[in-house]
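# Tertiary structure, described
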Amino acid sequence: MGLFTVEGVVYEPAENVNLGPNSTEQYIRANVKAPRMAGFLVKIFVWFLESSIFGPLLLHFLKRNNLIHKLVSNADIQESPIYVPLHPFQEVKEEEEEKVKEIDKELTPAQRVGEAIKCLPKSECEDYKNKGFRRWTILDYSNAYSSGQLTPLTVAERIIEGIGESNKDKMAFFINFSAEDIIRQASDSTFRYQKGEQISVLDGVPIAVKDEIDCTPYPTTGGTKWLHKVRECKEDAYSVMCLRSCGAIIIGKTNMHELGAGTSGINPHYGATRNPYDKGRIAGGSSSGSAAVVASGLCPVALGVDGGGSVRMPAALCGVVGFKPTFGRVPHAGVIPLNWTVGMVGVLAGTIEDAFITYAAISGKHPLDQLSNILPATQYFPLLNSSSPISNMKLAVYWEWFNDCSDEIRICCSNALDQLYKNYGWKVTEVTIPDIEAMRLAHYVTIGTESTTSLSSYLQNLNYSELGWDVRVALSVYGAFSGKDYVKAQKLRNRMMQFHNKIFGIADVIVTPTTGVTAYPILNDTAKTGELDYINGAALVRYQIAGNFLGLPAITVPVGYDKKGLPIGLQFIGRPWSEPTLLHIASSMQGMCISDYRRPQVFYDLLKD
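The structure contained in this document is the topic of the report that follows. Everything numeric here is computed off the predicted structure, so don't read it as measured data. (Residues numbered from 1 in each chain as written. Predicted model: local features only at pLDDT ≥ 70, side-chain atom pairs only at ≥ 80, totals over all residues. Heavy atoms only, no water.)

Across its full length, the chain carries 21 helices and 21 strands. Here the C-alpha atoms of the chain give a radius of gyration of 23 Å, agreeing with the 25 Å that 2.2 N^0.38 yields for 609 residues. Over its C-alpha atoms, taken along the principal directions, the chain stretches across nearly 75 × 55 × 50 Å. The proportion of buried residues among the 609 residues of the chain is 64%. A sequence separation of at least 24 residues applies to 81% of the contacts in the chain between residues at least 6 apart. Charge centroids of the chain, computed over 58 positive and 63 negative side chains, lie 4 Å from each other. (Helix = DSSP H or I, 4+ residues; strand = E, 2+ residues; numbered from the N terminus. Rg over C-alpha atoms; globule rule 2.2 N^0.38 Å. Buried < 20%, exposed > 50% of the residue type's maximum accessible area, 1.4 Å probe, protein only. Contact = heavy atoms within 4.5 Å. Lys, Arg positive; Asp, Glu negative; His and termini not counted. Charge placed at Lys NZ, Arg CZ, Asp CG, Glu CD.)

Following this line, the structure appears as structure tokens:
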């Protein structure tokens, strides 16, 4: 890392740092010094924080005590800042060429979905009754409709019934849904099937959308009670438009942590989204509702937005797949611009195959999206039906970081790595990734600064009583970051990008647990105020940050459960534009674990006869 001075760290130039297993770089654990607070204690804390007398002093203390001053603000960093994590396009490696299919980026969403289907294994279309519990897939829905076994209208009626049941159980999956709109879409889809004119395999498939993404006829609340009043939803976001053009049924807007400013999914306005594996525990944030509805079987796929693990984290806690593509791969048009350079539309799904199909639909080119227009004319899809896996894959692991989690997660994820070696011969390459805690803090500065800047025109005239108490704390901290803090954070972004590029020169992916802890309990004192639990929060985001801060693709796969039956996820972080490799590896991992998947406590069996 470098030498500690009175003011801050003096970082050695990135090019001189040894990233091998014998590196002298020290792993620094998250130095979070803040007690858990909820209820009346949070209100007192907010009063002090928003005080013109006590607030500045308290904020200075918080930043200093959690190492932001030492590792970011006052650090001596030689690298120049990089403000947007764009990466030059990389062609697939020679050993992967036979495992991918080249796709014209000008294809329509339905055409891209058709190409994705050609890449799937034949077994995906077969009955899986003998494979243990597994959620119904997109192809299961499509086959049920095509065979006449069920109609989209019948499924829509079951969905509406299921949402009603979830509301009675206070699962808080949705912020908004319209039974009338669901029936209308399902009726149109049923008519298309009756005429034999279905648009794609997504026709009639129920998909939910996080309430951070524009989707008519619903307002976009961002988990608040006020944002939709000052920011009108006029049309579908690009990703929603793509899904509709494939015939998908949008079943509603899912609950989320207010403004994406937390990791628990506890929302004082719309309720705490509850984990289908244990109704007394969190679903994770901020795409909490999207993860929970997929886990519960109400839909095979949901869209989320991942700004700091907000897709992968709740996916892991709820036992489903969470996939965040490379920055710029999915157009961001129609998403609340809470964080421009770290946020990304992602997919939550019951299986890798369903995540892939949905990714194929939404990863196109938007005429008004500058990022999507600089991408190459082709992209690659993984051939998941390949008779043999890619050989000689190298999995990078930084063991000190990998093991910084609960014992049950460490053992489960280590066993999963062993299985990859035993089944495919994929070897672990031991590496060192310096400055991980500094990267977490730099990301926090970045996402906080971008969020408050994005919302600044709204917050000036907002009555703060409309905000949740935990979000008021977050916005106070975010607003305390200076221009110097932000620029130093971007210098660290450059530094960390150099480290990761070096690692991807010797390995195909970096492997970590997805979270440091499994889903923790929802306590009664959180209902009206939310909660501040920065220790658990830091554990939940521990392995998430590189995907967002550095714009890298990442995916989480369910690989087991702890002693309480709570899901555990394993994460693969890829080099830029390596979505085909990630999906291939994740599919191989899923194949070894899927027979052991468990049915959650709360599950809606929509295709059951």
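Taken as a whole and judged by the stated rule, the model has 19 aromatic pairs. Ring geometry for Phe 89 against Trp 577: centres 5.9 Å apart, planes inclined by 45°, an arrangement best described as tilted. Here Phe 89, found in the loop between helix H3 (68–73) and strand S4 (100–104), pairs with Trp 577, found in the loop between strand S21 (567–574) and helix H21 (579–593); they are 488 residues apart in sequence, far enough to count as distant. The exposure class assigned to Phe 89 is partly exposed, which follows from its relative accessible area of 25%. By relative accessible area, Trp 577 is classed as buried at 8%. Pairing Trp 226 with Tyr 458 gives two aromatic rings, centres 6.5 Å apart and planes at 65°, and the pair type is edge-to-face. Of this pair, Trp 226 sits in the loop between strand S6 (206–210) and helix H8 (227–230) while Tyr 458 sits in helix H16 (residues 436–459), and the two are 232 residues apart along the sequence. Looking at Tyr 458, the relative accessible area reads 26%, which means it is partly exposed. An aromatic cluster is present here, built from Trp 47, Phe 48 and Phe 54 joined pairwise through their rings. Lying across the ring of Trp 469, Arg 472 places its NZ or CZ 4.5 Å from the centre. (Phe/Tyr/Trp six-rings, centres within 6.5 Å; stacked < 30°, edge-to-face > 60°. Lys NZ or Arg CZ within 6 Å of the ring centre and 35° of its normal.)

Adjacent strands of a sheet form backbone hydrogen bonds with each other and so pair up, either parallel or antiparallel. Taken in spatial order, the 11 strands of this open sheet run S5-S7-S6-S12-S14-S13-S20-S21-S18-S16-S17, and their pairing is mixed. Two strands in the sheet have a free side with no partner beyond their single neighbour: strand S5 (174–176) and strand S17 (427–430). Averaged over all neighbouring strand pairs, the angle between strand axes comes to 30°, with direction disregarded. Where S6 meets strand S7 (residues 249–254), 4 bridges bridge the pair, whose relative direction is parallel. Opposite Lys 210, over in S7, you have Thr 254 as the bridge partner. Contacting strand S16 (394–397), S17, strand S18 (509–513), strand S20 (554–561) and S21, helix H15 (residues 407–424) crosses the sheet at an angle of about 55° to S21. (Pairing = 2+ DSSP bridges. Axes fitted to C-alpha atoms, helices over the stretch in contact; angles between N-to-C directions.)

So, on to a nonpolar patch on the surface. Taken together, Phe 40, Leu 41, Ile 44, Trp 47, Phe 48, Ile 53 and Phe 54 make up a surface patch of nonpolar side chains, about 780 Å² in accessible area. Relative to the elements of secondary structure, Phe 48 occurs in helix H1 (residues 40–49). (Patch = residues over 30% accessible without salt bridge, like charges linked within 9 Å, V, L, I, M, F, W, Y side chains within 5 Å. Areas by Shrake-Rupley, 256 points an atom, 1.4 Å probe, with all protein chains shown as cover. Salt bridge = Lys/Arg side-chain N within 4 Å of Asp/Glu carboxyl O.)

Within helix H10 (residues 288–295), 8 of the 8 residues are buried, which leaves it mostly tucked inside the rest of the structure. Along H10, the residues that are buried comprise Ser 288, Gly 289, Ser 290, Ala 291, Ala 292, Val 293, Val 294 and Ala 295. Following H10 by one or two positions, Gly 297 adopts a phi angle in the positive range, close to 90°.

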